[in-house]
Amino acid sequence: MTERARDHGEADAATTAPPWKRVARALARPPVALAALTLLLAVCYASLFRGEPNGDDLTFHLAEIRRLADCFRAWDFDLWNISANAGYASAYYYQVIPLAVPAALAALTHTDVLFWFQLCIFLPLVLVPLAAYRGMRLLHATPWASVSAGAAVAFAISSSKWGHGADGTFTVGLYTQTWAFAAFPLALGYGVRWALHGASLGAAIAWGAFVGMCHPFAGVALGVALVAGLGADGLVRAVAAVLGRRAPRAPRWWAALQVRSRPHEERRTSPGRFGPQFGRLTVLGLALLIASAATWLPVLVDYDGFGGFPHRVAGEDGPGFLKLMRWYARGGILDSRKLQALTWSLPVVLVFARARYLRWLWGAAFAYAFLLSIGPHLKTQDDLLPAVRFLGSLQITLALGIGAGLLAVGAWLHQVLAPLGAGLARGAVAALAAGMIASVVGWGAWVQGHRIHVAGENRRTHRDEMAQVIEALRSAPPGRKQALAGATNHWWNLLPFVYAERPALLQMGGGGLQSSPNYDFLWMDRDPMRNAWLFDAPYIVFERAKAKSMPEGPMVVRTKRYEVRRLPAPGLVSPVQVTGTLPPGRKAAHRAALTWLTSGKARRDELLAYDGHGGAGPAPSAVVRSTERRYSSGDSPDLVAEVDVTTPSTLVFRESWHPRWTGLIDGREVPVRRLTPDFPALDVPAGVHTIALRFDRPWWALAAWLLWPVMIALGWAVSRRTRASPSPDNAP
């Protein structure tokens with residue numbers, strides 16, 4: 001019987017089948033299963049919309065999104081952020097896209113940012129199976145294997161706060177990583193498609209750059225996956241070629257146990273030659289580097305304004321080999337529960353599944369495991385290689401392989417049991433599938449749905465009293481806020497900025513960590529009185545039960561459990577005396593500045609200049625009459641002060657220094673000095689003057705974003721030309 005006749009026969013059988021069978025067949029299709037899986041995840045994460053969600057960095061990102069939305073409304077694309085850490089250049093280095101999207105939506109619709117932020121957390125978590133399905137189809141997995149892989153990724157749950165998806169989102173608050181890893185399977189699939197067949201270079205650039213610009217470490221992980229996967233594929237082929245010539249034939253029983261790809265899969269994943277494939281990956285890597293220039297070029301050019309990562313969270317350097325093995329054995333990578341279905345499915349799939357595309361996944365997973373094992377020994381000046389961030393990509397590649405491989409194992413089991421009876425074979429496979437669905441999807445859905453908590457449900461936050469404090473701070477005079485004992489969680493820290501634009505003093509995650517050179521000084525010194533003076537942070541919020549340990553000051557507001565006091569502070573702009581110069585060199589200057597911080601000179605307004613920013617000067621004689629913050633648009637300044645100077649004096653802006661500040665005195669540009677801890681300052685002559693700072697994001701930093709669509713277009717043109725001229729390596 002021909003293939004066409006067989007298809008007609010199946011169609012006739014389908015039309016003559018009972019209605020319930022026709023409905024069952026219509027429902028038992030991969031798109032329906034995928035839709036059901038997506039709907040289940042939507043139900044799991046629907047509680048996100050109840051309020052401000054848990055996860056420390058989530059609130060930090062929410063505050064940054066609020067600032068970006070305000071800037072977009074004012075057409076201010078310099079994007080100086082005042083929310084925390086003495087101010088910083090928002091979206092200047094990376095992690096831009098996940099922040100800019102909800103901010104732009106809020107600005108365009110003139111609505112509150114919270115809903116758009118909730119939606120932008122919700123969608124990546126819910127759409128993971130769709131991305132995984134498409135990624136696996138690009139790797140030539142069958143539709144049902146791709147659905148199974150999507151389910152495994154969505155419900156692969158680790159016991160680590162650094163994991164992918166909900167693991168990191170609702171603990172550390174790794175919002176930008178959530179976006180990056182949601183698209184990771186797509187970027188991997190298109191990257192492999194380009195490497196093997198020379199097709200879809202534009203899509204590979206689009207998704208690969210998207211992953212890297214959402215979170216740079218996910219971009220690194222993608223590069224590792226492609227290189228390691230190609231190496232694994234080439235190694236297996238080389239070993240197979242050698243064994244095929246020299247090794248004796250494998251026993252029949254072993255050959256019968258192997259689950260192999262279908263013939264059409266073998267043809268579509270024709271190996272080709274290693275050299276051209278490696279060359280295509282090199283082209284893709286260079287294209288991704290150029291396309292993502294907007295996120296790394298400002299770091300290289302304006303490195304002096306980059307805060308780096310001077311203080312890592314414990315364990316962020318990676319677990320090491322023995323701890324990683326303990327994580328796996330206890331289900332801490334794939335299951336995080338006593339019922340370790342995915343964990344113990346891995347060796348079964350490794351032994352029995354033999355689809356060629358799995359080599360790319362296992363090669364990547366091995367590379368990630370290796371990097372996690374040596375992570376404690378990887379150190380750089382700014383600690384830019386936190387190896388534990390490879391955990392999420394390890395989860396994804398293992399889950400994709402396990403999910404797809406289990407379908408192949410089920411097919412093998414059916415084949416083995418079929419001689420004993422068709423009913424027995426179907427029953428055994430159905431029981432295995434039901435057990436896996438219950439243990440992975442059913443239990444996993446319960447776990448994921450119970451990970452979300454919002455501020456109003458947290459008993460220690462007292463959201464109603466926080467609202468009273470926020471209202472009081474809204475009408476209080478300018479000045480930053482310190483969140484102290486009993487009010488230190490992320491909600492207390494930055495929700496006052498989200499709803500009342502009251503800047504926080506310290507933000508320990510998100511963009512304010514790496515983009516503010518003052519972060520290290522704020523982290524090292526927790527003296528409320530000194531910080532109130534040095535950083536213009538006069539407001540302290542604390543739990544009233546801790547009142548005796550708090551500095552004395554006038555009360556601003558008091559609720560049942562909380563109190564706000566005002567401490568002495570000089571204001572955002574004030575005269576200071578420069579008493580010396582820091583030693584040259586980034587490290588030496590930083591060490592000397594930290595020593596100065598605790599010397600008592602900060603409270604006496606005796607500051608030090610960084611090397612190349614002038615020397616010591618006389619005691620100041622000046623009065624600041626007024627200060628004002630503005631949204632900078634074009635040549636408009638950000639910080640403005642009216643001053644009356646008796647003798648030439650140095651006036652400091654208690655805002656983070658950045659090489660892109662422009663100093664103005666009565667509208668005339670003047671040099672900007674850099675003083676401790678890391679503030680800009682101006683030398684002002686005698687007289688009454690208007691002094692100002694204007695943050696100017698360079699044109700090339702904005703224009704660099706155009707490289708992304710340009711490289712996508714070039715990639716599309718190249719792959720189209722490649723398809724028009726097939727070679728042995730990209731022939732179907």
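Everything that follows concerns the structure shown earlier in this document.
A few points on the structure. Every value quoted in this text rests on a predicted model; they were computed, and no experiment measured them.

### A short note on the overall build of the protein
Here is step 1 of the chain: Tallying secondary structure elements over the protein gives 30 helices and 18 strands in all.
Here is step 2 of the chain: Relative to its 732 residues, the protein shows a buried fraction of 56%.
Here is step 3 of the chain: For the protein, the share of sequence-separated contacts (at least 6 apart) that also reach a separation of at least 24 residues comes to 78%.
Here is step 4 of the chain: Of the accessible surface of the protein, which amounts to about 30,900 Å², a share of 63% is contributed by carbon and sulfur atoms.

### Some thoughts on helix H24 (residues 490-500)
Think of an α-helix as 3.6 residues a turn; residues three or four steps apart then line up on the same face.
Here is step 1 of the chain: Counting buried positions along H24 gives ten out of eleven residues, so the element sits mostly inside the fold.
Here is step 2 of the chain: Those residues of H24 that sit buried are His490, Trp491, Trp492, Asn493, Leu494, Leu495, Pro496, Phe497, Val498 and Ala500.
Here is step 3 of the chain: Of the surrounding elements, those touching the buried residues of H24 are helix H4 (56-73), helix H23 (463-475), strand S5 (481-483), strand S6 (539-543) and strand S8 (562-566).
Here is step 4 of the chain: One side-chain oxygen of the residue at the start of H24 lies 3.0 Å from the amide nitrogen of Trp491, identifying that residue as Asn489.
Here is step 5 of the chain: Positioned one or two residues after H24, Glu501 has a phi angle of 55°, which is positive.

### Concerning the sheet that holds strand S12 (residues 639-647)
Here is step 1 of the chain: Taken in spatial order, the five strands of this open sheet run S11-S12-S18-S14-S15, and their pairing is antiparallel. Each having just a single partner strand, strand S11 (621-629) and strand S15 (668-670) make up the two edges of the open sheet. Strand-to-strand twist across the sheet, computed as the mean angle between neighbouring axes with direction ignored, equals 30°.

### Brief notes about unusual backbone geometry
Here is step 1 of the chain: Between Thr676 and the following residue, Pro677, the backbone shows a cis peptide bond with an omega angle of -5°.
Here is step 2 of the chain: When you line up the elements, Pro677 lands in the loop between strand S16 (673-675) and strand S17 (679-684).
Here is step 3 of the chain: Here the phi dihedral of Asp605 falls at roughly 60°; this positive angle occurs in a residue that is not glycine.
Here is step 4 of the chain: Structurally, the position occupied by Asp605 is in the loop between helix H28 (586-597) and strand S10 (606-609).
Here is step 5 of the chain: The class of Asp605 is buried, set by a relative accessible area of 15%.

### As for a nonpolar patch on the surface
Here is step 1 of the chain: Taken together, the side chains of Leu286, Leu289, Ile290 and Leu707 define a hydrophobic patch exposed on the protein surface, amounting to about 330 Å² of accessible area.
Here is step 2 of the chain: In terms of residue count, helix H16 (residues 274-291) provides more of the nonpolar patch than any other element does, three residues in total.
Here is step 3 of the chain: Mapped onto the fold, Ile290 is located in helix H16.
Here is step 4 of the chain: Among the residues examined, Ile290 registers a relative accessible area of 39% and is labelled partly exposed.

### Considerations on the side chain of Arg67
Here is step 1 of the chain: Here Arg67 shows up in helix H4.
Here is step 2 of the chain: Buried charge without a salt bridge: Arg67, with Glu501 as the nearest opposite-charge side chain at an N-O distance of 4.3 Å.
Here is step 3 of the chain: Residues contacting Arg67, with those up to four places away along its chain left out, are Trp80, Asn81, Ile82, Phe497, Glu501 and Tyr631.

### A word on the nonpolar core
Here is step 1 of the chain: If you look at the biggest cluster of nonpolar residues, it comprises 204 residues, and the most contacted ones within it are Tyr45, Phe184 and Ile691.
Here is step 2 of the chain: If you look at the next biggest cluster of nonpolar residues, it comprises seven residues, including Ala532, Ile540, Phe542 and Leu567.

### Quick word on the pattern of salt bridges
Here is step 1 of the chain: Under the counting rule described, the total for this entry stands at 24 salt bridges.
Here is step 2 of the chain: Taking the shortest distance from any N to any O, the salt bridge between Arg558 and Glu563 comes out at 3.4 Å.
Here is step 3 of the chain: Put simply, Arg654 and Asp605 hold a salt bridge, and the shortest N to O gap is 3.1 Å. One end of the pair, Arg654, is in the loop between strand S13 (649-653) and strand S14 (661-665); the other, Asp605, is in the loop between H28 and S10, with 49 residues separating them in the sequence.
Here is step 4 of the chain: Beyond isolated ion pairs, a larger network of salt bridges with shared partners links Arg66, Asp70, Arg73 and Glu501.

### As for the environment of Ser636
Here is step 1 of the chain: If you trace the backbone, Ser636 turns up in the loop between S11 and S12.
Here is step 2 of the chain: When the C-alpha atoms of Ser636 and Phe695 are compared, they prove to be 9.2 Å apart, with 59 residues separating the residues in sequence.
Here is step 3 of the chain: Those residues within four positions of Ser636 in sequence are excluded, and the remaining contacts are Tyr631 and Arg694.

### Quick word on the packing of aromatic side chains
The description of an aromatic ring pair uses the distance of the two centres, along with the angle that the planes make with each other.
Here is step 1 of the chain: Within this structure, the stated rule accounts for 23 aromatic pairs.
Here is step 2 of the chain: When the ring of Trp207 is compared with that of Phe210, the centres are 5.8 Å apart and the planes differ by 75°; the resulting orientation is edge-to-face. With Trp207 and Phe210 both in helix H12 (residues 201-214), this residue pair falls three residues apart, about one helical turn.
Here is step 3 of the chain: Within the aromatic cluster, the residues linked to one another by ring pairs are Phe117, Tyr175, Trp179, Trp207 and Phe210.
Here is step 4 of the chain: One Lys or Arg, Arg674, reaches over the ring of Trp657 and ends 4.1 Å from the middle of that ring.

### Some details on the packing of helix H10 (residues 175-182) against H12
Here is step 1 of the chain: At a closest axis distance of 8 Å, the pairing of H10 and H12 adopts a crossing angle of 165°. Between H10 and H12, the interaxial angle falls into the category roughly antiparallel. Judged by the twist between their axes, the crossing of H10 over H12 is left-handed. Between H10, through Thr176, Trp179 and Ala180, and H12, the contact on the second element is made entirely by Phe210, Val211 and Cys214.
Here is step 2 of the chain: Considered class by class, the residues forming the contact of H10 with H12 number five nonpolar, one polar and no charged.

Cut-offs used in this document
- Residues numbered from 1 in each chain as written.
- Predicted model: local features only at pLDDT ≥ 70, side-chain atom pairs only at ≥ 80, totals over all residues.
- Heavy atoms only, no water.
- Helix = DSSP H or I, 4+ residues; strand = E, 2+ residues; numbered from the N terminus.
- Buried < 20%, exposed > 50% of the residue type's maximum accessible area, 1.4 Å probe, protein only.
- Contact = heavy atoms within 4.5 Å.
- Areas by Shrake-Rupley, 256 points an atom, 1.4 Å probe, with all protein chains shown as cover.
- Polar contact = N/O pair within 3.5 Å; in protein donor to acceptor, adjacent residues only side chain to side chain.
- Pairing = 2+ DSSP bridges.
- Axes fitted to C-alpha atoms, helices over the stretch in contact; angles between N-to-C directions.
- Patch = residues over 30% accessible without salt bridge, like charges linked within 9 Å, V, L, I, M, F, W, Y side chains within 5 Å.
- Salt bridge = Lys/Arg side-chain N within 4 Å of Asp/Glu carboxyl O.
- Lys, Arg positive; Asp, Glu negative; His and termini not counted.
- Core = buried A, V, L, I, M, F, W, Y, C linked by side-chain atoms within 4.5 Å.
- Phe/Tyr/Trp six-rings, centres within 6.5 Å; stacked < 30°, edge-to-face > 60°.
- Lys NZ or Arg CZ within 6 Å of the ring centre and 35° of its normal.
- Parallel < 35°, antiparallel > 145°, perpendicular 65-115°, else oblique.
- Left-handed = near helix turned anticlockwise from the far one by under 90°.
- Nonpolar A, V, L, I, M, F, W, Y, C, P; charged D, E, K, R; others polar.

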